[in-house]
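# Inside the fold
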Amino acid sequence: MLKNPEKTKEKIVQWIRDYFAANGPSCSAVIGISGGKDSSVAAALCAEALGKDRVVGVLMPRGVQPDISDSQLLVDTLGIPYVEINIGAAADALEKTLEENAKLQQICGREEMAREAKINLPPRIRMATLYAVAQNLPNGGRVVNTCNASEDYVGYSTKYGDAAGDFSPLSELLVHEVLQVGYTLGLPEQLVRKTPSDGLSGMSDEDKLGFTYSMLHHYVLTGDCPDPDKKARIDRLHVLNLHKLRLMPKFELEEADRS
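Residues numbered from 1 in each chain as written. Predicted model: local features only at pLDDT ≥ 70, side-chain atom pairs only at ≥ 80, totals over all residues. Heavy atoms only, no water.

### Remarks on the pairing of strand S2 (residues 55-59)
To keep things clear, this is the line we draw: Exposure is judged per residue with a 1.4 Å probe applied to protein chains only, and the accessible area is read against the type maximum: over 50% gives exposed, under 20% gives buried, and values in between give partly exposed. Runs of E in the DSSP output that reach at least two residues are strands. Runs of H or I that reach at least four are helices, and both are numbered from the N terminus. Strand pairing is assigned whenever DSSP identifies at least 2 bridges connecting the two strands. Orient the strands so they point away from the viewer, and a crossover whose first-strand-to-second-strand path over the helix runs clockwise is right-handed.
Of all 5 residues that make up S2, 5 are buried, and the element is covered over most of its length. By the alternation rule, side chains of S2 split into Val55, Gly57 and Leu59 and Val56 and Val58, which are all buried. Strand direction decides the pairing type here: strand S1 (residues 28-32) and S2, joined by 4 bridges, are parallel. Considered in S2, the bridge of Gly32 is made with Val58. One crossover worth recording links S2 to the parallel strand S3 (residues 82-84) by way of helix H3 (residues 68-78), and it is right-handed.

Right, dumping it as structure tokens:
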């Protein structure tokens, strides 16, 4: 729990200003708007740090998105410029192309895409879309990563999808701390308290993870977990997904290897 959410909020706002001063003084922040707490809080922080005109929201439904009104509520509340780009046709076309590729079917031993591959395809298309928007802006853009510390700890993100970005204002905050900051920003209750969901699998975050965020937070902060099965699952996910947080390993060539 944050001792002083208002002070933490101010520190993040200043950090964002410092980042842009060093990495694009005239650039805009480009952020995917899902209507959930993370994109809502990150967008509000950027708007306070840079001014609303330097934050570009990108709504990216796949076909019909039932809760698109939440995304619209956020951009209207913040007063930021935004664009809606439906990724349905692109995602459907790529999925169809992959599934109809006979050589790929032969290599994979299946005709249909694996379930996880299907689930992770849209986030990667969305990230490509964000970078395309950023590069189209007159002064360029920097893409916001909206992952929080709870998701990062257990790898609840898509590598090169929502796990990507140019800067990450929330990666040190656990879910309940993101909520605290959200309240200091005066965001609508329905956005801050919206049940976390990936919007892809049809399940809530907690249902998909197999444990509650409160249990995860207690374990991360204290090392204590009363349920050994849940502890084992958290530990397994943490180790399994560490590669998402680390820089790409590279072969180190020694000078002695060069003539």
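### Things to note about the pattern of salt bridges
Our working rule: The salt bridge definition used is simple: a Lys or Arg side-chain nitrogen within 4 Å of an Asp or Glu carboxyl oxygen.
Applying the stated criterion across every chain yields a total of 12 salt bridges. Taking the shortest distance from any N to any O, the salt bridge between Glu95 and Lys118 comes out at 3.8 Å. You can see Glu95 sitting in helix H4 (residues 88-99) and its partner Lys118 sitting in helix H6 (residues 115-136), a full 23 residues away along the chain. One salt bridge connects Arg258 with Glu255, and the closest N-O pair in it is separated by 3.4 Å. Residue class for Glu255 comes out exposed when judged on its relative accessible area of 60%.

### As for the packing of aromatic side chains
Put simply, the rule is: Each Phe, Tyr or Trp ring (for Trp, its six-membered ring) is paired with any other whose centre lies within 6.5 Å, and the angle between the two planes then decides the class: stacked below 30 degrees, edge-to-face above 60, tilted in between.
For the coordinates displayed, the defined rule picks out 5 aromatic pairs. A ring pair is formed by Trp15 and Tyr19, whose centres lie 6.3 Å apart and whose planes are at 25°; its orientation type is stacked. One end of the pair is Trp15 and the other is Tyr19, both in helix H1 (residues 5-23) and 4 residues apart, which spans about a single turn. Accessibility expressed as a relative area gives 15% for Tyr19, which makes it buried. Ring geometry for Trp15 versus Phe167: centroids 6.3 Å apart, planes at 45°, classification tilted. Taken together, the positions of Trp15 in helix H1 and Phe167 in the loop between helix H7 (149-154) and helix H8 (175-184) put the pair 152 residues apart, joining distant regions of the chain. What makes Trp15 partly exposed here is its relative accessible area of 40%.

In short, shape yes, function no, at least from these values alone.
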